[in-house]
Amino acid sequence: MNMKKKLSIFTALAVFQAFAVGSVSAQSAPQDDTASVNTAKVESVEVLKQEQPIAESEVKTGSNNASTNTPSTKGKETGTLTGIEETPKTDIEKSAIDGEGSTTNETSTKPVNQEGTPEDVETPATPAQIEQPSIDGNSAVAAGGNLTLYMNSNKMEQDGKTYLAGQPMTVKNGVSYVAIRALVDRVGYGVKYDNKTKETIIISGDNELRFKTNSTVYTVNGESRTMKGPAYQQKNTFMVPLTSITQALNITYKVNQSAKTVVLNLNTKPVASFVISQKEIFAGDKVDYVTSSSSPNGLDILDERWTGRQESFDQAGTYTISYQVQDSNGQWSDPYSMTIQVLSPNLPPVAMFTTDKEQYKMGEKITYIDQSTDDENSIKKTVWENNSLAFFEPGPKTVTLTVTDNHGATNTYSKVITITNETLYSFSDFNLLFTPVGQKFTFNGGEVTSMEKVPYTYRDEPSLLIRSNSPETVNTEGIVYKESSSGQTRFMIHHVNNTGKRVKMYVIATNNNPNPAVFEQQNMGFAGPTPYATVAGKLSIDKWFRSIQTGADQKKEVIQPGESKLILTELNKTPMKEGQVISLYSDAYSDYSLDYNVILVEENKDPFETLPMLPVLDRDGVHNRGTYPNATRIITYDQLVGVKPARLPLGDNASDPNLVGTDPMAYTDASNAGNFGVLYKITLNNVAPRTLISFNPRGGKYSGVALVNNQVVSIADGNVAVSNSSEQSVLYRTGAYGESVTILFSAAPGSNLPVNLLFTPLPSEK
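Below, the structure is looked at part by part.

Cut-offs used in this document
Residues numbered from 1 in each chain as written. Predicted model: local features only at pLDDT ≥ 70, side-chain atom pairs only at ≥ 80, totals over all residues. Heavy atoms only, no water. Phe/Tyr/Trp six-rings, centres within 6.5 Å; stacked < 30°, edge-to-face > 60°. Helix = DSSP H or I, 4+ residues; strand = E, 2+ residues; numbered from the N terminus. Lys NZ or Arg CZ within 6 Å of the ring centre and 35° of its normal. Salt bridge = Lys/Arg side-chain N within 4 Å of Asp/Glu carboxyl O. Buried < 20%, exposed > 50% of the residue type's maximum accessible area, 1.4 Å probe, protein only. Contact = heavy atoms within 4.5 Å. Pairing = 2+ DSSP bridges.

**Brief notes about the packing of aromatic side chains**
If you walk through the whole model with that rule in mind, you get 25 aromatic pairs. Residues Phe353 and Tyr413 carry aromatic rings whose centres are separated by 5.4 Å and whose planes lie at 80° to one another, so their mutual orientation is edge-to-face. Of this pair, Phe353 sits in strand 22 (residues 353-355) while Tyr413 sits in strand 27 (residues 410-423), and the two are 60 residues apart along the sequence. In textbook terms, an aromatic cluster arises when at least three aromatic residues are bridged by ring pairs, as seen for Phe274, Tyr289, Trp306, Tyr323 and Tyr336. The ring of Tyr458 carries Arg633 above its face, with NZ or CZ at 4.0 Å from the centroid.

Listed below in structure tokens is the structure:
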């Protein structure tokens with residue numbers, strides 16, 4: 001026997017003895033995790049083999065673990081597992097490993113790709129027990145820095161030290177493989193072998209990976225995944241695709257093609273952060289700190305430390321606060337720092353107002369001058385109490401003003417004014433003269449029916465109205481309206497969700513022509529979802545008129561032959577909850593006839609896939625739906641109006657007849673009661689000087705808007721409605737000279753018709 005063979009035998013015996021001694025003092029492992037004596041022998045050889053240095057001129061001395069030739073029984077150290085990066089075949093297999101392709105020095109970062117096709121691999125007849133773990137199931141403790149793997153080499157570098165894997169990093173059938181034991185030792189994970197299932201197991205915190213020889217399937221926490229190639233044994237070394245580990249444990253890596261390296265990011269520090277819940281911090285206020293911390297390898301966080309933290313800051317200024325945490329391995333996170341601005345304590349606003357006089361006659365207009373102030377000039381809310389424009393009873397009157405700043409601080413001021421026994425204006429005359437535009441006042445509504453009607457005539461402009469308003473309350477999914485139209489088209493859609501589900505409404509346009517069709521949305525007024533029908537109706541008309549003013553909502557769609565597209569998409573942006581209302585007004589134009597379907601379906605359903613299966617819903621017998629031609633009504637009146645009380649009725653089906661059309665879904669004629677959806681363009685060319693033009697409901701509560709001389713005027717301001725026939729809302733007053741006045745009006749969904757425009761001569765001012 002030659003000297004080399006003798007040395008090999010002595011070396012093997014020495015390793016066996018060293019391992020046997022170590023295993024006596026090792027902590028016992030669970031029965032099913034215990035490997036055989038032969039396995040332990042071979043694994044000791046593997047540990048020695050993987051930790052041996054290369055030539056002294058090339059490498060620094062290995063770690064203490066390498067010199068003992070036995071796995072450590074101390075707690076393992078795991079790396080930071082953030083991000084998923086993939087290296088395509090061209091990066092590792094071709095350009096990097098085989099030496100073909102680009103030789104650029106640029107570094108590429110790629111996401112991991114788990115998909116691939118299994119490849120047949122030759123398997124050695126003898127199990128590669130050399131890769132099985134030690135009896136206690138622990139691997140060597142990693143140094144914790146980035147790990148550099150060399151392609152086509154068993155060389156690995158970490159923290160300035162070089163180690164050798166059992167087999168080089170290898171490309172097989174287009175898949176990059178690494179020696180699993182060498183990799184996990186350096187990464188710092190636990191590794192063990194299950195003799196019953198014949199699986200090699202990697203443990204990282206709460207994560208468990210299981211691999212089996214000749215299988216492309218591995219499991220991550222019991223979930224099966226597919227590798228790009230099967231695990232296999234090579235010269236008693238267990239080889240697995242690199243990306244199976246990097247993706248499962250979220251290890252990021254970078255490939256340097258020119259250097260032929262793969263660098264794994266193994267940062268193991270815990271991560272700390274915090275936020276301060278207050279948007280603004282004032283001196284003297286308690287500061288609310290909300291912390292967050294985690295360990296990338298699942299270790300417990302045991303300690304924390306702060307720099308610059310105070311429960312409250314006495315002085316205004318700039319402060320820097322830092323926060324760190326420590327994990328159960330004793331490792332501290334990098335400091336997380338935040339610089340905050342502590343403001344001087346907020347001062348409440350100061351409420352103050354004056355009046356132009358201290359004493360007034362009954363019916364005399366009072367001018368209130370708001371003089372409230374705030375140190376930041378940020379008063380967000382102003383509330384008046386008893387600030388009538390005039391009082392009609394004598395005596396002292398207390399008026400109160402409360403203001404609120406943007407921090408919620410409030411202040412209140414009250415002032416007493418005196419009303420004498422003298423009368424300047426009656427209640428009626430005062431309101432005719434001084435009630436602001438957009439506000440309402442009460443009067444004797446019974447007088448309206450005796451007023452002379454303005455004998456107007458009208459003509460209709462072509463515009464096809466599609467009124468989808470019945471069933472107004474929709475109880476099931478379905479088609480609420482369907483129609484075909486070309487040219488000028490107006491959509492009015494107003495519905496309530498009563499399905500018990502969250503739903504969406506859609507308008508689908510289908511081009512069944514042999515030519516492309518152009519659909520142009522000209523303007524849009526959409527409101528909702530909201531529980532209040534009158535709010536939705538008023539807001540949709542308001543937005544529609546403002547869109548007509550600005551042209552801001554114009555859109556164009558080209559719909560190809562046989563194609564269906566969603567139009568008027570404001571309608572389906574937000575799901576409707578049970579009991580909520582939507583309201584839409586829009587004018588549009590198409591150069592070819594398009595088929596329109598207005599549908600209501602559950603919010604997560606695809607409208608195109610669902611449409612063919614939807615039923616056509618019946619009318620509810622109360623509300624109106626139909627297709628009505630000539631839905632723009634032009635009223636031009638050239639005679640003098642306003643020298644005596646007069647009225648112009650709208651929506652009464654007498655002076656203003658209902659539009660007549662059809663219900664294409666019920667195959668019946670239809671009459672547009674109230675003429676909802678009709679746009680009235682009213683031009684009064686000769687309104688007398690000093691004339692009040694006001695709005696008076698005759699059918700019940702009304703809340704909407706009108707466009708008067710191209711200005712949007714509320715009927716009435718805010719959420720206030722004109723609630724009955726004894727109220728009127730001010731639209732316009734002419735001055736000392738006669739004027740031409742243009743009014744655009746359309747009935748707001750949720751309100752009641754008919755209505756009257758009133759023309760009242762103003763009393764003389766005193």
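**Details of the pattern of salt bridges**
If you walk through the whole model with that rule in mind, you get 23 salt bridges. For Lys644, the salt bridge identified is with Glu452, shortest N-O distance 2.9 Å. Of the two residues, Lys644 sits in the loop between strand 41 (632-637) and strand 42 (646-650) while Glu452 sits in strand 29 (residues 452-453), which places them 192 residues apart along the sequence. By relative accessible area, which is 44% here, Lys644 ends up partly exposed. Owing to a relative accessible area of 42%, Glu452 belongs among the partly exposed residues under this scheme. A salt bridge links Arg633 to Asp656, with the shortest nitrogen-to-oxygen separation between them at 2.5 Å. Taken together, the positions of Arg633 in strand 41 and Asp656 in the loop between strand 42 and strand 43 (659-663) put the pair 23 residues apart, joining distant regions of the chain. What emerges from the salt-bridge pattern is a single network uniting Asp194, Glu199, Glu208 and Arg210.

**So, helix 7 (residues 427-434)**
Residues of helix 7 that are buried include every one of Phe430, Asn431, Leu432, Leu433 and Phe434, and no others. Buried residues belonging to helix 7 abut strand 28 (440-442), strand 46 (691-697), strand 49 (727-733) and strand 51 (755-761).

**What to know about the sheet that holds strand 17 (residues 281-282)**
Read across the sheet, four strands follow the order 17-21-20-19 without closing on themselves; strand pairing throughout is mixed. Either end of the sheet is taken by a strand with one partner, and the two such strands are strand 17 and strand 19 (301-307).

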